[in-house]
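Given next are the chains, with one letter for each unit.
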There are 2 protein chains.
Amino acid sequence: MNIELICSGTELLTGKLNTNASFIGEQLSILGLDLSLITTVADRKNDFAKILSLAKSRSSVIIITGGLGPTFDDITVETVSEILGIKTYKDKNVQLAICQFFEKRGITTPSANNERQSYILENAKVLDNRFGTAPSQMLHFEHISDNKKTRKTIFLLPGPPRELKPMFQEKVIPYFKSYQLGMKKSLKLHICGMAESLVDEKIRATIDLFADNNDVEFSILAHQSLIDVKIAVKGEDELLVDETINNIKNEFVNILGDNIFGYNDDTLESTVQQLLIENKKTISVAESCTGGMISSKLTNIAGSSLCFKQSVVTYSNESKITLLNVKDETLKQFGAVSENTANEMLNGILNLSKSDYAISVTGIAGPNGATEDKPIGLVFIGISYKGDNEIFKYNFLGTRTDIRERATTVALDSIRRKILKTKNKTKLSKGK
Amino acid sequence: MNIELICSGTELLTGKLNTNASFIGEQLSILGLDLSLITTVADRKNDFAKILSLAKSRSSVIIITGGLGPTFDDITVETVSEILGIKTYKDKNVQLAICQFFEKRGITTPSANNERQSYILENAKVLDNRFGTAPSQMLHFEHISDNKKTRKTIFLLPGPPRELKPMFQEKVIPYFKSYQLGMKKSLKLHICGMAESLVDEKIRATIDLFADNNDVEFSILAHQSLIDVKIAVKGEDELLVDETINNIKNEFVNILGDNIFGYNDDTLESTVQQLLIENKKTISVAESCTGGMISSKLTNIAGSSLCFKQSVVTYSNESKITLLNVKDETLKQFGAVSENTANEMLNGILNLSKSDYAISVTGIAGPNGATEDKPIGLVFIGISYKGDNEIFKYNFLGTRTDIRERATTVALDSIRRKILKTKNKTKLSKGK
């Protein structure tokens, strides 16, 4: 099966990241299917028509994203109609669904433009869009070349990632699954606290054991301070595939230990949340330079109210004093960015919230605010379990955003390790 | 000039984000040049050769990234050689540079594989790579079609983003600058508080005035609750180009008014920050369901300490009471997600921070926590200027993340409008 992706959208040619392409590529590769080609083309009918003509003859499945919106530059349906020679009709049900979508939002008369979205290709299957007005369409068509007829398939999917992603998973993946022979499964390990090259060095011997085995693939990818190691295994026997993945995983766990913080969809914050809920513990946060980033991560997951009590963003000195009881002398003698301030912020938030664990962060994110002895990137991170405080000092490099993101990641990883350590302690003392 | 980008790399078809494509697209669009097409193709000679043949005939400049490495699947040089019919030779200087690159890293004998990287296309200009072993190449070639010769240009650039980005800026951008005739400038308008289709409808008459003018282009893009309208104008006279853009902009400002919150690199939060600093005013935030997202946005910009005082994330009822003085009776009678609670949170944060403006948010982000009369997505947003409180009620749709993001956007947009309104009031009373 030759699967080709066409992404329509002028913005994708002028700087916007094509996250749909990587999402679709990844989803298909989990199924063991690979995209053969990705073409990004402007919302211009002429350009789009040329690429579609090429795709029609060279690929057996064409996936199109974008160009289903209500405005003048949304040209996917009419171009597909023209190039495949298939008529369109105005679909009553789709029109009704669009009206209902707007009614939910308190708008009774959708704009005339939205009417354009109810045109459907003849014989196409309409795929409902839960998150937007543009319905998706799926169609089989016949391509004739050298007097030979071939049955091909085309998908018309929306461009906005928040519509595309659920649509792809719910409506398109099942189609490919039904066509699949054999299987490919994969497992991602998430690692924090080690450099990519060190991870590579440590697991190299295991990877080399599979050098001659084409059914087993490894990849390693670093983004910010996090490393992903992916194990992919092909085969026809599901039990054997699972066993192979599991054996390799266990080997990596032996080598990398607690540096692995999760698998597949896990994130640092979901791991921290899970550890807290499992141990029936609560957390609170006092942030300065991270400005709410740690809190917003910890509350981004359903169920966070079970473990997250509160946080304060004490940006000004004044608020550090009034909210967290940081001493005026401490700020004067050591400065807002200091071990002492981080420690008092930690005590302050513990007092305020009565939570079990706490995080405090104070630092210089830049580009301004550096002094002779305090460079941009200097960050103090405090973590505590019931008053057992630890303060770490870091010098992060990069832009303001880099520094804030790294501080957030390191703070979450530090509290994760603290929970693991204190959890084991409790177990040990119970065992006595 | 028709510029086409070909990205070679199997990993880009199986889930890796193509950051090179967005980088190159953005860099060229700053120069007023647009990519006409991006094709992502696997490191397979057959596939790559087909795309290169198409590119050779349809584009005047071809930029290739990837496939210059030392391993077997790096096939760019040999495929270009074959398709363009240009021989290669082993370049002594390049070979020397590769050896020196390894010596710096303490490796005296580069692997035999690295020798492959010293093959250069005849008559190509070698572009040194400061960050890796693969040299880039730039070559003019003649394409003959319908007995007509056309001079075309091809760039062979490395795939790793940390090599590609400096290489592109230092060696490729100057080439395009030297060839530039005339110019293309663009302006982006950012809009909040209107549906995409309504924006389209309102500005349609203006856009239609330019229907026959190929030098003026419009595009419209919605992401989350924000709409971008881009005006792009080509021409040879810079003053005329500027004037055209400015006239269209003024027309759109007349039509869309305060719904336009900024231009080009502006964001909602940077606009709010700028308004606050201009008016020497401060802000504080009390967040519940947004969990720190509003605060982290407002502190994401350098200089935020000039206007951002503090925020609290009062997730639990307990913290709403102790930190913000929300009344126990209010929580019992109306619930944590209610107009009354939003109002008391607003008073609480104003009391605590003594800031001029304040935002409060309380809502149900889901997927749990809904009751019979309070559905998922119900959010109360409070804004205040010195005790003049307004509370708005919303029913947002979508996932937990969608609801939190929409609440954040609407809260920032509401406070922006409040600042505009109160700023004008002060002016009016001064005028009395």
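Residues numbered from 1 in each chain as written. Chains lettered and ligands numbered in written order. Predicted model: local features only at pLDDT ≥ 70, side-chain atom pairs only at ≥ 80, totals over all residues. Heavy atoms only, no water.

With that out of the way, let us pick up the overall build of chain A. Broken down by element type, chain A carries 14 helices and 17 strands. Considered along the principal axes of its C-alpha atoms, chain A spans approximately 85 × 60 × 45 Å. When contacts within chain A are restricted to residue pairs at least 6 apart in sequence, those whose partners lie at least 24 apart make up 67%. Counting only carbon and sulfur atoms, one obtains 49% of the accessible surface of chain A, whose full area is about 19700 Å². (Helix = DSSP H or I, 4+ residues; strand = E, 2+ residues; numbered from the N terminus. Contact = heavy atoms within 4.5 Å. Areas by Shrake-Rupley, 256 points an atom, 1.4 Å probe, with all protein chains shown as cover.)

The subject of this paragraph is the environment of T299 of chain A. Residue and element names in this part refer to chain A. Along the chain, T299 falls in the loop between α10 (293–298) and β14 (308–314). The class for T299 is buried, based on a relative accessible area of 0%. Distance in space between the C-alpha atoms of T299 and Q273 is 9.1 Å, their sequence separation being 26 residues. (Buried < 20%, exposed > 50% of the residue type's maximum accessible area, 1.4 Å probe, protein only.)

Between chain B and chain A, the contact holds 74 residues from the first and 68 residues from the second. Across the chain B/chain A interface, buried area totals approximately 5400 Å², and carbon plus sulfur atoms make up 56% of it. Counting across the interface, chain B meets chain A through 3 salt bridges. A salt bridge links K309 of chain B to E318 of chain A; the shortest N-O distance between them is 3.4 Å. At the boundary of chain B with chain A, the tally comes to 31 residue pairs in polar contact (both at pLDDT 80 or more). Among the residues making up the side of chain B that touches chain A, the classes are represented as 25 nonpolar, 32 polar and 17 charged. Alignment of strand β2 (residues 35–41) of chain A against strand β2 (residues 35–41) of chain B, held across 5 bridges, turns out to be antiparallel. What sits directly across from V41 of chain A, in β2 of chain B, is L37 of chain B. (Buried area = accessible area lost by both parts, 1.4 Å probe. Salt bridge = Lys/Arg side-chain N within 4 Å of Asp/Glu carboxyl O. Polar contact = N/O pair within 3.5 Å; in protein donor to acceptor, adjacent residues only side chain to side chain. Nonpolar A, V, L, I, M, F, W, Y, C, P; charged D, E, K, R; others polar. Pairing = 2+ DSSP bridges.)

Here 12 strands make up an open sheet; going across it, the order is β6(A)-β7(A)-β8(A)-β3(A)-β1(A)-β2(A)-β2(B)-β1(B)-β3(B)-β8(B)-β7(B)-β6(B) and the pairing mixed. Each end of this open sheet is capped by a strand with a single partner; those strands are β6 (125–127) of chain A together with β6 (125–127) of chain B. On average, each strand axis in the sheet is inclined to that of its neighbour by 20 degrees, with strand direction left out of account. Bridge count for strand β7 (residues 136–145) of chain A against strand β8 (residues 148–157) of chain A is 9 bridges, and the pairing is antiparallel. Among the inter-strand pairings, I144 of chain A is bridged to a residue of β8 of chain A, identified as K149 of chain A. (Axes fitted to C-alpha atoms, helices over the stretch in contact; angles between N-to-C directions.)

Looking now at the sheet that holds strand β16 (residues 378–385) of chain A. Strand order across the open sheet formed by 10 strands is β17(A)-β16(A)-β15(A)-β13(A)-β14(A)-β14(B)-β13(B)-β15(B)-β16(B)-β17(B), with mixed pairing between neighbours. Edge positions in the open sheet fall to β17 (388–395) of chain A together with β17 (388–395) of chain B, since each of these has one partner strand only. Strand-to-strand twist across the sheet, computed as the mean angle between neighbouring axes with direction ignored, equals 10 degrees. Where strand β15 (residues 357–363) of chain A meets β16 of chain A, 7 bridges bridge the pair, whose relative direction is antiparallel. Pairing of A358 of chain A across the sheet is with S384 of chain A, part of β16 of chain A.

Moving on, we come to the domain arrangement of chain A. According to the domain assignment, chain A contains domain 1 (3–178), domain 2 (183–263) and domain 3 (268–431). Here the C-alpha centroids of domain 1 of chain A and domain 3 of chain A sit 45 Å apart. (Domains from an automatic or database assignment.)

Residues and elements named next belong to chain A. The amide bond that connects G366 to the next residue, P367, takes the cis arrangement and shows omega of 0 degrees. Relative to the helices and strands, P367 is located in the loop between β15 and β16. With a phi angle near 45 degrees, N264 is a residue other than glycine that sits in the positive phi range. Along the chain, the position of N264 falls in the loop between β12 (260–263) and α9 (268–278).

All names here are of chain A. The contact between helix α11 (residues 317–324) and helix α13 (residues 339–353) brings their axes to 9 Å, and the two run at 40 degrees. When the interaxial angle is binned, α11 and α13 end up oblique. Between α11 and α13, the residues in contact are K320, L323 and L324 and T341, E344, M345, G348, I349 and L352, respectively. (Parallel < 35°, antiparallel > 145°, perpendicular 65-115°, else oblique.)

Residue and element names in this part refer to chain B. Along strand β11 (residues 226–235), 7 of the 10 residues are buried, which leaves the element largely enclosed by surrounding structure. For strand β9 (residues 183–192) and β11, the ladder comprises 10 bridges, and the chain directions are antiparallel. Looking at β11, one finds that C192 is bridged to L226. Examined bridge by bridge, strand β10 (residues 216–223) and β11 share 8 bridges and lie antiparallel to one another. Counterpart to S219 in the pairing with β11 is K230. Here β10 folds back onto β11 in antiparallel fashion, the turn holding 2 residues, of which Q224 has a positive phi close to 50 degrees.

All names here are of chain B. Relative orientation of the contacting elements helix α2 (residues 45–58) and helix α3 (residues 76–84) amounts to 50 degrees, with a least axis distance of 10 Å. Relative to α3, α2 is oriented oblique. In the packing of α2 onto α3, the handedness of the crossing is right-handed. Residues K45, F48, A49, L52, S53 and K56 of α2 touch α3, and the partners they reach there are T76, E78, T79, V80, E82, I83 and L84. Looking at the contact of α2 with α3 residue by residue, the classes come out as 6 nonpolar, 3 polar and 4 charged. (Left-handed = near helix turned anticlockwise from the far one by under 90°.)

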